[in-house]
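Fold and geometry: a report
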Amino acid sequence: MDEVKMKKFFKKLKYKWKLITGVVTTVLMVGGASAYWVAEVKGFEVNITKFDSPLGRSIFIGDTGEVSEERDNLIQNIKQSGKPENIFILGDLGYPSGVRNQKEFDKWLKHYLSLAQSVHCILGNHDSYSKNKEERAWLALNADKNGCIFKNYYRGLVYQDWCLGIIDSAIYDTLKDHDMQERQEAFVKKFFASEYCQNKKTALLNHHTVYTYGSHMRDGNQDHNNFVKSLNVDYVISGHDHLLAFTRVGKTAYIVSGSGAKLDECKKREGENCWEKNGYFDYENGVFKRVELSE
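About the cut-offs
Residues numbered from 1 in each chain as written. Predicted model: local features only at pLDDT ≥ 70, side-chain atom pairs only at ≥ 80, totals over all residues. Heavy atoms only, no water. Helix = DSSP H or I, 4+ residues; strand = E, 2+ residues; numbered from the N terminus. Buried < 20%, exposed > 50% of the residue type's maximum accessible area, 1.4 Å probe, protein only. Contact = heavy atoms within 4.5 Å. Areas by Shrake-Rupley, 256 points an atom, 1.4 Å probe, with all protein chains shown as cover. Pairing = 2+ DSSP bridges. pLDDT = per-residue confidence, 0-100. Axes fitted to C-alpha atoms, helices over the stretch in contact; angles between N-to-C directions. Phe/Tyr/Trp six-rings, centres within 6.5 Å; stacked < 30°, edge-to-face > 60°. Lys NZ or Arg CZ within 6 Å of the ring centre and 35° of its normal. Expected span 1.5 Å × (residues − 1). Salt bridge = Lys/Arg side-chain N within 4 Å of Asp/Glu carboxyl O.

A separate point is the overall build of the chain. Scanning the chain from terminus to terminus reveals 7 helices and 13 strands. Across the 295 residues in the chain, those meeting the buried criterion constitute 51%. Across the chain, the fraction of contacts at a sequence separation of at least 24, relative to all contacts at a separation of at least 6, is 71%. Within the structure as shown, the chain displays about 14,700 Å² of accessible surface, and the carbon and sulfur contribution to it stands at 50%.

Further remarks concern the pairing of strand β13 (residues 287–292). Relative to β13, strand β12 (residues 279–284) is paired through 6 bridges, and the arrangement is antiparallel. Looking at β13, one finds that D282 is bridged to K289. From the end of β12 to the start of β13, which pair antiparallel, there are 2 residues, and N285 there has a positive phi angle of about 55°.

Mean pLDDT over the chain stands at 81; residues scoring 70 or higher make up 77%. Highest mean pLDDT in the chain belongs to strand β7 (residues 201–205) (98); lowest belongs to helix α1 (residues 3–29) (43). Across residues 13–36, confidence stays below pLDDT 50; counting only partners more than four residues off in sequence or on other chains, it has 17 contacts.

It is worth spelling out the sheet that holds strand β3 (residues 86–89) at this point. Working definition: the strands of a sheet are paired by backbone hydrogen bonds and lie parallel or antiparallel to each other. Strand order in this open sheet of 5 strands is β4-β3-β2-β12-β13, and the pairing throughout is mixed. Each edge of the open sheet carries a strand with a single partner, namely β4 (118–121) and β13. Here the strands of the sheet are splayed against their neighbours by 20° on average, with no regard to which way each runs. Of the strands in this sheet, β2 (58–61), β3, β12 and β13 are in contact with helix α2 (residues 69–80), which crosses β12 at around 20°.

So, on to unusual backbone geometry. In this structure, N199 is a non-glycine residue whose phi angle is positive, near 60°. As for its position among the elements, N199 is in the loop between α6 (180–193) and β7. Residue N285 is not a glycine yet carries a positive backbone phi of 55°. A relative accessible area of 72% places N285 in the exposed class.

The next thing to look at is the side chain of N86. Tracing the sequence through the fold places N86 in strand β3. Under the relative-accessibility criterion, N86 is labelled buried at 4%. Residues in contact with N86, not counting those within four places in the same chain, are L55, R57, S58, I59, A116, S118, H120 and Y159.

For the rest of this paragraph, the subject is the packing of aromatic side chains. A full pass over the atoms with the stated rule returns 14 aromatic pairs. Pairing Y235 with F288 gives two aromatic rings, centres 4.6 Å apart and planes at 45°, and the pair type is tilted. Taken together, the positions of Y235 in strand β8 (residues 235–238) and F288 in strand β13 put the pair 53 residues apart, joining distant regions of the chain. The pair Y235 / F288 is uniform in exposure class, with both members buried. Residues Y283 and F288 carry aromatic rings whose centres are separated by 5.0 Å and whose planes lie at 50° to one another, so their mutual orientation is tilted. Here the aromatic cluster, defined as three or more aromatic residues joined through ring pairs, consists of F60, F88, W162, Y235, Y283 and F288. The ring centre of F150 lies 5.0 Å from the NZ or CZ of R155, which sits over that ring. When the ring centre of W275 is taken as origin, the NZ or CZ atom of R290, which lies over that ring, is 3.8 Å away.

What follows covers α2. For an α-helix the count is 3.6 residues per turn, leaving residues at separations of three or four pointing the same way. Helix length check: α2, at 12 residues, gives a terminal C-alpha distance of 16 Å against a target of 16 Å (1.5 Å per residue), a fit within 8%. Among the structural elements, β2, β3, α3 (102–113) and β12 are those in contact with the buried residues of α2. At the exit of α2 stands G82, carrying a positive phi of roughly 100°.

Spatially, β1-β5-β6-β7-β8-β10-β9-β11 is the arrangement adopted by the 8 strands of the open sheet, whose pairing is mixed. Lying at the two open borders of the sheet, with one neighbouring strand each, are β1 (48–50) and β11 (274–275). Packed onto the sheet, α6 meets β1, β5 (154–158), β6 (162–167) and β7 and runs at close to 15° relative to β5.

Tallied over the full model, the rule gives 6 salt bridges. Measuring nitrogen to oxygen at the nearest pair gives 3.0 Å for the salt bridge that ties D72 to R71. On the basis of relative accessible area, R71 is assigned to the buried category, the value being 4%. When the shortest N-O distance is used, the salt bridge between K267 and E265 registers 3.7 Å.

This is how it looks when you write it as structure tokens:
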């Protein structure tokens, strides 16, 4: 074998070895998790989506569960209110048992896809199924499979008037040993400090609450809570607690919109800032409006 052929042979061998080790590393990293795991997209610019328009009317709904009368009423209410530009699903379409496979998730998700021009998915702690509780939120979604936009575990949306930073708080802690916290935090901090967000309203969207008043008020990850509180943003919008809540701390307003189906009790109220009502928050023309479903 001459020198040129030998170089080509070892180059091919090296390439195949990289592919093999890459697959093995990925499997080990996620602990043999579901095939629906989506590979993390690393980088700053690649995780930013820019729009040549204002945010427009947007609905934020969370914790709609699997099948219930409350969920169906919520869907019907949104249909009757007119088609918004965006729906942001704040996680937990599949409690209490979680999603077992992509087909099942698609079945639950399809009801929302026709309600808005764009539907964005933010995963919750019940949006996958695993015997290991720490892997419950490892079902990530490919937008080309089911129509719900989920491009990465951290990402930024830039509109003419808004900057929306999104993190997957469900794996913020479960992948702590793989530096997921650090990567989510680094991206979001850089994003909100970037020129993209200058002179615009800012909001962080995720599943887990920070300031809330239901049964989840003490179950948050402390690292996550401290990080969210450290951000100099105008809004933090979450689900997780099955109620509607609004809290202002300094500059930041904290919205909880997690009453798509099953309701929780307001364990604490500071003034009138917690409501035990099925519903969601609706944004339009610079204003967030609480929408409660009639009983």
